[in-house]
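Residues per chain, in single letters:
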Amino acid sequence: MKLRKEIEPEFDIAEKLYSQVLKLILDYTEFCDENGDEENIEYKNLEEKLHLLTGKDMTQFNLWEWWEEDGAENLAFNISLPDPKKLNDISKNELFEIVDLIKTFEEPEDNTSEFISTFYRNTIYGNGYFKKFLEKNFKNYKPNLFNRNKDKNGNYFEYEVHEIVDILW
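Here's a quick rundown of the structure. (Residues numbered from 1 in each chain as written. Predicted model: local features only at pLDDT ≥ 70, side-chain atom pairs only at ≥ 80, totals over all residues. Heavy atoms only, no water.)

1. Observations regarding helix 4 (residues 92-104)
Line of reasoning, step 1. Compared with an ideal rise of 1.5 Å per residue, which puts 13 residues at 18 Å, helix 4 spans 18 Å between its outermost C-alpha atoms and is within 8% of the ideal.
Line of reasoning, step 2. Looking at helix 4, one finds that the buried residues are Glu 94, Leu 95, Ile 98, Val 99, Leu 101 and Ile 102. Viewed end-on, helix 4 has its buried residues packed into an arc of 155°, placing them on one side of the element.
Line of reasoning, step 3. Once helix 4 finishes, Phe 105 follows within two positions and takes phi at roughly 30°, a positive value. (Helix = DSSP H or I, 4+ residues; strand = E, 2+ residues; numbered from the N terminus. Expected span 1.5 Å × (residues − 1). Buried < 20%, exposed > 50% of the residue type's maximum accessible area, 1.4 Å probe, protein only. Arc of directions from axis to C-beta.)

2. Here we look at the packing of helix 4 against helix 6 (residues 129-137)
Line of reasoning, step 1. At a closest axis distance of 10 Å, the pairing of helix 4 and helix 6 adopts a crossing angle of 140°. Between helix 4 and helix 6 the crossing geometry is left-handed. Residue-level inspection shows Leu 95, Ile 98, Val 99, Leu 101 and Ile 102 of helix 4 in contact with helix 6, the latter providing Phe 130, Lys 131, Phe 133 and Leu 134.
Line of reasoning, step 2. For the contact of helix 4 with helix 6, the residue count by class is eight nonpolar, no polar and one charged. (Axes fitted to C-alpha atoms, helices over the stretch in contact; angles between N-to-C directions. Left-handed = near helix turned anticlockwise from the far one by under 90°. Contact = heavy atoms within 4.5 Å. Nonpolar A, V, L, I, M, F, W, Y, C, P; charged D, E, K, R; others polar.)

3. Looking at the pattern of salt bridges
Line of reasoning, step 1. Applying the stated criterion across every chain, the model contains nine salt bridges.
Line of reasoning, step 2. The partner of Glu 10 in a salt bridge is Lys 85, and the shortest N-O contact between them spans 3.0 Å. Here Glu 10, found in the segment before helix 1 (11-35), pairs with Lys 85, found in the loop between helix 3 (71-80) and helix 4; they are 75 residues apart in sequence, far enough to count as distant.
Line of reasoning, step 3. A salt bridge links Lys 103 to Glu 158, with the nearest nitrogen and oxygen atoms 3.4 Å apart. With Lys 103 in helix 4 and Glu 158 in the loop between strand 2 (156-157) and helix 7 (161-168), this residue pair connects regions lying 55 residues apart in the sequence.
Line of reasoning, step 4. One continuous salt-bridge network, built from bridges that share partners, spans Arg 4, Glu 6, Asp 89 and Glu 94. (Salt bridge = Lys/Arg side-chain N within 4 Å of Asp/Glu carboxyl O.)

4. Let's talk about the packing of aromatic side chains
Line of reasoning, step 1. Tallied over the full model, the rule gives nine aromatic pairs.
Line of reasoning, step 2. With centroids separated by 6.1 Å and ring planes inclined at 25°, the aromatic side chains of Phe 11 and Phe 77 adopt a geometry described as stacked. Note that Phe 11 is positioned in helix 1 and Phe 77 in helix 3, a separation of 66 residues in sequence.
Line of reasoning, step 3. Ring plane angle 90° and centroid distance 5.1 Å describe the contact between Tyr 129 and Phe 130, whose orientation is recorded as edge-to-face. This pair shows no difference in class: Tyr 129 is buried, exactly as Phe 130 is.
Line of reasoning, step 4. Of the aromatic side chains, those joined through ring pairs into one cluster are Phe 11, Tyr 18, Phe 77, Phe 115 and Phe 119.
Line of reasoning, step 5. Between Arg 148 and the ring centre of Tyr 156, over which it is positioned, the NZ or CZ distance is 4.1 Å. (Phe/Tyr/Trp six-rings, centres within 6.5 Å; stacked < 30°, edge-to-face > 60°. Lys NZ or Arg CZ within 6 Å of the ring centre and 35° of its normal.)

Now the structure itself:
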């Protein structure tokens, strides 16, 4: 099953913004290497430029020390990719597909663009696009649904796809 366009990540928008966002991040880093930014003036300018470009709140991103995290490329992608939408008409089958995708991860189809292939894994795991989608659309969402958990007897377990769907639904 293919997810509806409203559910899928908007890779087309991310691809259009990506090179400009990456350049802004790298230019800022170069500026800091040469001049410093103790007053965070250029940092604030970078945040503002990126906000105007994407509409996103930049406080959720580490624009200063990206090299300690996932690298400039993944940061630029995460900033460029629009956030998931709030929808009112998600079917249980669509929910199952999303949960299954997160739990089982399959590489994208061969006919996807190089851009999508490069950042697909980041979309599923790195930036957690689909987990953010679930959090935005299902009030029973908790991050531990996708982690190892410990039962009351001290035994570890992971929820199965159908159990997560039932909890969220």
